[in-house]
Amino acid sequence: NQPVARQKEALFMIDIIYMEEAISQHPRAREVINRFPKATVVPCENYKEIFNPGGQNFRLQKNKPSLILAQKNGRFALPIPESYGIGGKHNFYFSHMLNCIYDCRYCFLQGMYPSAHYVLFINFEDFLTDINHKSSQCAPEPSWFFSGYDCDSLALDQISNFVPSFLPYFKNNPSAHLELRTKSVNIQSILKHDALANIITAFSFTPDELGKQIEKGVPTVSSRIKAMQKLTQSGWSIGLRFDPIIDCDDFHLRYSKLFQDIFSQIPEDKIHSVSLGAFRMPASFFKKMEKLHPEEKLFAGQLVNHNGTIGYKVEIEEQRKNTCKDLLLKHIGKEKLFTCETTPVSS
């Protein structure tokens, strides 16, 4: 499988691992170090010494990023607007990693972070303690926890062991729900577990032709559909995320084909939710991205500044979202369709 081979290749391209001295003996940190016996381990006091300095070349680092092992402090699960979610009232997101192995031209991470290195926070226990605290505060009402905004939830799971570490909590706490947002086909660790009704693996898509142009390293649409089939056949529910919607030539044709390809192979009753989101980004992030990719045609489209947020002209955005809604409602009930207006951004 070529996409899986590319992911495995990426795992073994890490030559340097920076590690905070305070976690040097943490079992999870040692497990990661042992997976890379040829890597050079460089101690540091705080990951921000490596990750935060200005003047770094994001594009150069993206060709061969290093891995930084760190301990997360402060806030873990952060609230997001109720209007953002997929039907729940209590919504939070968290980031066990920063940055992504994929290279999508529209991704806000390259505008938000000065570095392309991967940061893995190894103190999962602290994340789960905070998740449990917030879930308990919301009970008996359901709570939702979203993973996969500052990273891809599954792409580096062989390194992080994120899924095996978090699924047992949600198995024992059915009122807490977890969304794993991904473009990866790395679903092996999920399939090792019995299906859980409160876990949704949500796959992000753009039409295949666009993906080949602006989503470097991302598995093909057909390979992600096969991954979704394996999950649904094992009893898991999946989510579909068309966020951001990208304006393009033959928009109706391309998105119609994408939806047809997916819904012809995935049963509607296995689809938990479908969400749409327009291309939106803080102007400061967008400015950095323009400098990184001055030749990128995506940034030369009909984009305007909406009070500090870069997006398509209102009439174009509404037209494209309405087109997608009309197409999607041919395949799913309207109760499963959600429109996302806000993308959570870490601080």
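Data block above holds the structure.
Keep in mind the model is a prediction, meaning the values are calculated, not measured.

Thresholds applied
Residues numbered from 1 in each chain as written. Predicted model: local features only at pLDDT ≥ 70, side-chain atom pairs only at ≥ 80, totals over all residues. Heavy atoms only, no water. Helix = DSSP H or I, 4+ residues; strand = E, 2+ residues; numbered from the N terminus. Expected span 1.5 Å × (residues − 1). Buried < 20%, exposed > 50% of the residue type's maximum accessible area, 1.4 Å probe, protein only. Arc of directions from axis to C-beta. Contact = heavy atoms within 4.5 Å.

**Some points on helix 14 (residues 314-328)**
Okay, step 1: For helix 14, with 15 residues, the first-to-last C-alpha span of 21 Å sits near the 21 Å given by 1.5 Å per residue.
Okay, step 2: Of the residues making up helix 14, those classed as buried are Ile316, Glu317, Arg320, Lys321, Thr323, Cys324, Leu327 and Leu328. One side of helix 14 carries all its buried residues, which in axial view fall inside an arc of 155 degrees. Seen from the buried face of helix 14, the exposed residues on the opposite side, beyond 90 degrees, are Glu315 and Asp326.

**Some remarks on helix 12 (residues 251-263)**
Okay, step 1: Under the 1.5 Å per step criterion, the end-to-end length of helix 12 is 18 Å for 13 residues, consistent within 8% with the ideal 18 Å.
Okay, step 2: Residues Phe251, Tyr255, Leu258, Phe259, Ile262 and Phe263 constitute the buried set of helix 12. All buried residues of helix 12 lie within an arc of 115 degrees about the axis, which places them on one face of the element.
Okay, step 3: For helix 12, the elements touching its buried residues are helix 11 (221-233), strand 13 (237-245), strand 14 (271-278) and helix 14.

**Side note on unusual backbone geometry**
Okay, step 1: With omega at 5 degrees, the peptide bond leading from Ala139 into Pro140 counts as cis.
Okay, step 2: You can see Pro140 is positioned in the loop between helix 6 (124-138) and strand 9 (143-147).
Okay, step 3: Backbone geometry places Asn161, a non-glycine residue, at a positive phi of 55 degrees.
Okay, step 4: As for its placement among the helices and strands, Asn161 is situated in the loop between helix 7 (157-160) and helix 8 (162-172).
Okay, step 5: Its relative accessible area of 25% is what places Asn161 among the partly exposed residues.

Any functional reading would require information beyond the geometric quantities listed.
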